[in-house]
Amino acid sequence: MYFVSAMLRSAIKITRCGSIKVKRVSNLHEICRISRNYYAASTLINEKRKESLLGGGKTKQDAQHAKGKLTARERIQLLLDKGSFREYDAFVEHACTDFNMEETKIAGDGVVAGHGTVYGRRIFVYSQDFTVFGGSLSRTNANKIVKVMDQALLVGAPVIGLQDSGGARIQEGVDSLAGYADIFQRNVLASGVIPQISLIMGPCAGGAVYSPALTDFTFMVQDTSSMFVTGPDVVKTVTNEQVSQEALGGARIHTTKSGVAHLSFTNDIEALQNLREFLTYLPSSNRDPVPKQSCEDPIDRQDEALDTIIPSNSSLAYDMKEVIHRIVDIHSFFEISPFFASNILIGFARLNGESVGIIANQPLVSSGALDMDASIKAARFIRFCDAFHIPLITLVDVPGFMPGTSQEHSGIIRHGAKLLYAYCEATVPKLTVITRKAYGGAYIVMSSKHLRGDYNIAWPTAEIAVMGATGAVEIIFRKHPDKAAMRKEYKNKFTTPLFAAKKGYLDDIIQPSETRIKLIEQLDVLKTKALKNPWKKHGNIPL
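Reading guide: rules and limits
Residues numbered from 1 in each chain as written. Predicted model: local features only at pLDDT ≥ 70, side-chain atom pairs only at ≥ 80, totals over all residues. Heavy atoms only, no water. Phe/Tyr/Trp six-rings, centres within 6.5 Å; stacked < 30°, edge-to-face > 60°. Lys NZ or Arg CZ within 6 Å of the ring centre and 35° of its normal. Salt bridge = Lys/Arg side-chain N within 4 Å of Asp/Glu carboxyl O. Buried < 20%, exposed > 50% of the residue type's maximum accessible area, 1.4 Å probe, protein only. Helix = DSSP H or I, 4+ residues; strand = E, 2+ residues; numbered from the N terminus. Contact = heavy atoms within 4.5 Å. Core = buried A, V, L, I, M, F, W, Y, C linked by side-chain atoms within 4.5 Å. Expected span 1.5 Å × (residues − 1). Polar contact = N/O pair within 3.5 Å; in protein donor to acceptor, adjacent residues only side chain to side chain. 1 Å grid on protein atoms, 1.4 Å probe; cavity = no way out; pocket = protein on both sides within 12 Å on 5 of 7 lines; lining within 4 Å. Points joined across faces, edges and corners; volume = space filled by probe spheres on them. Nonpolar A, V, L, I, M, F, W, Y, C, P; charged D, E, K, R; others polar. Pairing = 2+ DSSP bridges. Axes fitted to C-alpha atoms, helices over the stretch in contact; angles between N-to-C directions. pLDDT = per-residue confidence, 0-100. Parallel < 35°, antiparallel > 145°, perpendicular 65-115°, else oblique. Left-handed = near helix turned anticlockwise from the far one by under 90°. Disulfide = S-S within 2.5 Å.

Undergrad: Is there a simple way to explain the packing of aromatic side chains in this structure?
TA: The geometry of an aromatic ring pair is captured by two quantities: the separation of the ring centres and the angle between the planes. In total, this model carries 13 aromatic pairs according to the counting rule given. An aromatic cluster of at least three residues, connected via ring pairs, comprises Phe217, Phe219, Phe265, Phe278, Tyr281, Phe334, Phe348, Phe381, Phe384 and Phe388. The residue whose ring lies beneath Arg276 is Tyr119, and the NZ or CZ to ring-centre distance is 4.4 Å. Sitting over the face of the ring of Tyr281, Arg350 holds its NZ or CZ atom 3.9 Å from the ring centroid.

Undergrad: Explain the pattern of salt bridges to me, please; I cannot follow it from the model alone.
TA: A side chain with one charge may pair with a side chain of the opposite charge, provided their charged atoms come close. Scanning the entire structure with this criterion turns up 24 salt bridges. The shortest N-O distance in the salt bridge between Lys527 and Asp524 comes to 3.8 Å. Given the relative accessible area of 52%, Lys527 is considered exposed. A residue is classified by how much of its surface remains accessible, and Asp524, at 48% relative accessible area, is partly exposed. Salt bridges linked by common partners bring Asp297, Arg301, Asp303, Glu322, Arg326, Asp329 and Arg516 together as one network.

Undergrad: Please explain the side chain of Gln407 as it appears in this structure.
TA: Mapped onto the secondary structure, Gln407 falls in helix H14 (residues 405–409). Setting aside its immediate chain neighbours within four residues, Gln407 contacts Asp371, Met372, Met402 and Ile412.

Undergrad: Explanation requested: the nonpolar core in the structure shown.
TA: Within soluble globular proteins, side chains that are nonpolar generally end up buried alongside one another. Counting 65 residues, the largest nonpolar core has Phe278, Phe348 and Ile359 as the members making the most contacts within it. The element contributing the most residues to this core is helix H13 (residues 372–387), with 7 residues. Within the second largest apolar cluster, 28 residues are counted, among which are Met320, Leu519, Ile520 and Leu523.

Undergrad: What am I meant to see in the environment of Gly368 here?
TA: Along the chain, the position of Gly368 falls in the loop between strand E12 (354–361) and H13. Relative accessible area serves as the criterion here: at 0%, Gly368 is assigned to the buried category. Not counting chain neighbours up to four residues away, the residues in contact with Gly368 comprise Asn343, Asn361, Gln362, Pro363, Asp397, Val398 and Pro399.

Undergrad: Quick question: what am I supposed to make of H13 here?
TA: Within an α-helix, residues lying three or four positions from one another point in the same direction, as the helix has 3.6 residues per turn. For H13, which comprises 16 residues, the first-to-last C-alpha distance of 23 Å matches the rise-based estimate of 22 Å (1.5 Å per residue) to within 8%. Of the residues making up H13, those classed as buried are Met372, Ala374, Ser375, Lys377, Ala378, Ala379, Phe381, Ile382, Phe384, Cys385 and Asp386. For H13, the N-terminal capping position is held by Asp371, with its side-chain oxygen 3.5 Å away from the main-chain nitrogen of Asp373. Remark: His389 follows H13 within two positions and exhibits a positive phi of approximately 60°.

Undergrad: Looking at this structure, how should I read the layout of surface pockets?
TA: Any empty space left between the atoms is revealed when a probe the size of a water molecule rolls over them. Considering only enclosed or pocket space, the largest pocket measures out at about 1800 Å³ in volume. Around the largest pocket sit 46 residues that line it, and Ser191, Arg383, Phe384, Glu425 and Ile541 are the ones nearest its centre. For the lining of the largest pocket, the secondary structure elements donating two or more residues are helix H6 (174–190), helix H7 (210–214), strand E7 (217–221), H13 and helix H15 (412–425). Among the elements that take part in the lining of the largest pocket, H13 stands out by supplying 10 residues, more than any other. Taken together, the residues of the lining of the largest pocket break down into 20 nonpolar, 15 polar and 11 charged. Of the volumes computed, that of the second largest pocket is approximately 410 Å³. Lining the second largest pocket are 19 residues, with His389, Pro391, Pro429, Leu526 and Lys527 positioned closest to its centre. Residues belonging to the lining of the second largest pocket are distributed by class as follows: 10 nonpolar, 3 polar and 6 charged.

Undergrad: Could you clarify how one ought to interpret the environment of Lys483 in this entry?
TA: Position of Lys483 among the secondary structure elements: in helix H18 (residues 483–494). Beyond its immediate sequence surroundings of up to four residues, Lys483 is in contact with Val473, Glu474, Phe477 and Arg478.

Undergrad: Can you help me understand the environment of Met227 in this one?
TA: With respect to the secondary-structure elements, Met227 resides in strand E8 (residues 226–228). Residue class for Met227 comes out buried when judged on its relative accessible area of 3%. For the pair Met227 and Gly441, spaced 214 residues apart in the sequence, the C-alpha separation amounts to 36 Å.

Undergrad: Please explain the sheet that holds strand E2 (residues 111–118) as it appears in this structure.
TA: Paired through backbone hydrogen bonds, the strands of a sheet run either parallel or antiparallel to each other. Read from one edge of the open sheet, 7 strands run E1-E2-E3-E4-E5-E7-E9, paired in mixed fashion. What marks the edges here is a single partner per strand, and that holds for strand E1 (86–88) and strand E9 (263–265). Each strand axis lies, on average, 20° off the axis of its neighbour in the sheet, ignoring direction. As paired strands, E1 and E2 are joined by 3 bridges and run antiparallel to one another.

Undergrad: Hey, could you run me through the confidence of the model for the chain in this one?
TA: Do not read the fine detail of predicted coordinates wherever pLDDT is low. When the pLDDT values of the chain are averaged, the result is 90; 92% of them are 70 or greater. For the stretch residues 1–5, pLDDT sits under 50, and the model shows 5 contacts to residues farther than four places along the chain or on other chains. Contacts of residues 10–23 to residues separated by more than four positions or lying in other chains number 7 contacts, the stretch itself having pLDDT below 50.

Undergrad: Would you take a moment to explain the packing of helix H17 (residues 469–476) against H18 for this structure?
TA: Between two packed helices, what matters for the description is the angle formed by their axes and the separation of those axes. With their axes 9 Å apart at the nearest point, H17 and H18 run at an angle of 120° to one another. Here H18 runs oblique to H17, going by the angle between their axes. Considering how the two elements wind past one another, H17 and H18 form a crossing that is right-handed. On H18, the residues touching Ala469, Thr470, Ala472, Val473, Glu474 and Ile476 of H17 are Lys483, Met486, Arg487, Tyr490 and Lys491. In terms of residue class, the contact of H17 with H18 is made up of 6 nonpolar, 1 polar and 4 charged.

Undergrad: Just checking my understanding: could you explain the state of the cysteines for this structure?
TA: The bond known as a disulfide is covalent and runs between the sulfur atoms of two cysteines. In the structure shown here, the tally under the stated rule is 0 disulfides. Between Cys295, a free cysteine, and Cys385, which holds the nearest cysteine sulfur, the sulfur-to-sulfur gap is 19 Å. Owing to a relative accessible area of 26%, Cys295 belongs among the partly exposed residues under this scheme.

Undergrad: Just checking my understanding: could you explain the packing of helix H4 (residues 72–79) against helix H11 (residues 268–279) for this structure?
TA: Packing of H4 against H11 leaves a shortest axis separation of 9 Å and a crossing angle of 40°. In this structure, H4 meets H11 at a crossing whose hand is right-handed. In this structure, H4 uses Arg75, Leu78 and Leu79 to contact H11, whose residues at the interface are Asp268, Ile269, Leu272, Leu275 and Arg276. Partitioning the contact of H4 with H11 into residue classes produces 5 nonpolar, no polar and 3 charged.

Right, dumping it as structure tokens:
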């Protein structure tokens, strides 16, 4: 309206000038006509924008809230910095004409997409709107998601998908499936170039599950989110198995048994707040430096509690999480997949304000032995860190690979090789601390000096050997009459890290309390590390 008034005021001034008055009045009529058209167009646009903002309407939004879920737009508002969201394609509509679909069109078509900032850093995001056709994916809907992903890849910024969808829009047939395929292709092209994160905030079924599976990290919301290829009804029809949606593919299942999801949260708000924090550990792309925050934790802090944390009896367990927390910047450890394959710990932390990736055996679970799930869990995390230039800190207390027919028959050799491959391939700074046991092939696999480790150190309690004393004596001195004496001799030789240090397989033996200082010093030295693998199209990891 201000624009219209300004035009009229300008026209009135012109008519008062005198000499060609009729023409001036004609101009006034023309301006009024344009103004009416402008007003009508503006009104239509505003109505469409309101329609887009309402999604499926207040009734469906209320139903969403009744389930304990936020709407698609509310989620974006909570995730991004206030006022930073810039939306794409708010007015697009589906093009389906089958099954009377042309009679029901909603602006935006069930997904809100665009970009904004998180703590001032550019982020691209799409949020599926369950209030519009159950959040189902249409061809138009997929085009919006693809546009956001293409833009994120073009400028080098993370892309986040907030998933809440019933799956493919059945009325569109293969068009919907083609949309999924286009998204999957972008997921793969963006892999290792920009961070990709999926937050499952409702149903995610059928083909829809493969986009989160292709992204770097998948988070879920407890009780309201689920993921499965085939739903409970199909399972019952095909296998005659009665199972609930939650028991089939809920957050608990995927964070404890399948390992598909890395973390789960109690509600939408907690999930989005944690996602904001999580993003602070990641660079925007593989061309950007690792984020650095101000560090109030002294660089030279020594923690004397570490000097006594290892039990005198090597068969007793201790909590490796406590070791991690005492080494890294205070309150900076962000653990990933804490309830899946708990015999190995992974997560992000900070040392002197800079992001690092932590991989550590956990003696409290299965004595820290490596099994299939632990190997896969750690290998994928290592490859992510390497792709985005995040240094790796490995804390080792591993008695070996898990024995047994179950592991062997299920492919522990192949899965263990994934972890080996990941460490061998990584060119980022690799710092390793052996706190206690480092036995057999597991010693090699856990970022040993032999796998191009940059800085390998040990605590005085380190035991580096092919195996423990009891097993070794049973093989070497099977017929020896005094096996107890032989065990003592074996322990005296291999329960000290000096043997490995003399060979050059360790760079130093340090007091545990000095670990933080030593790691920060070496990270600073390794900032200019330049290591490249031989050129190849890609390797052939033992999948």
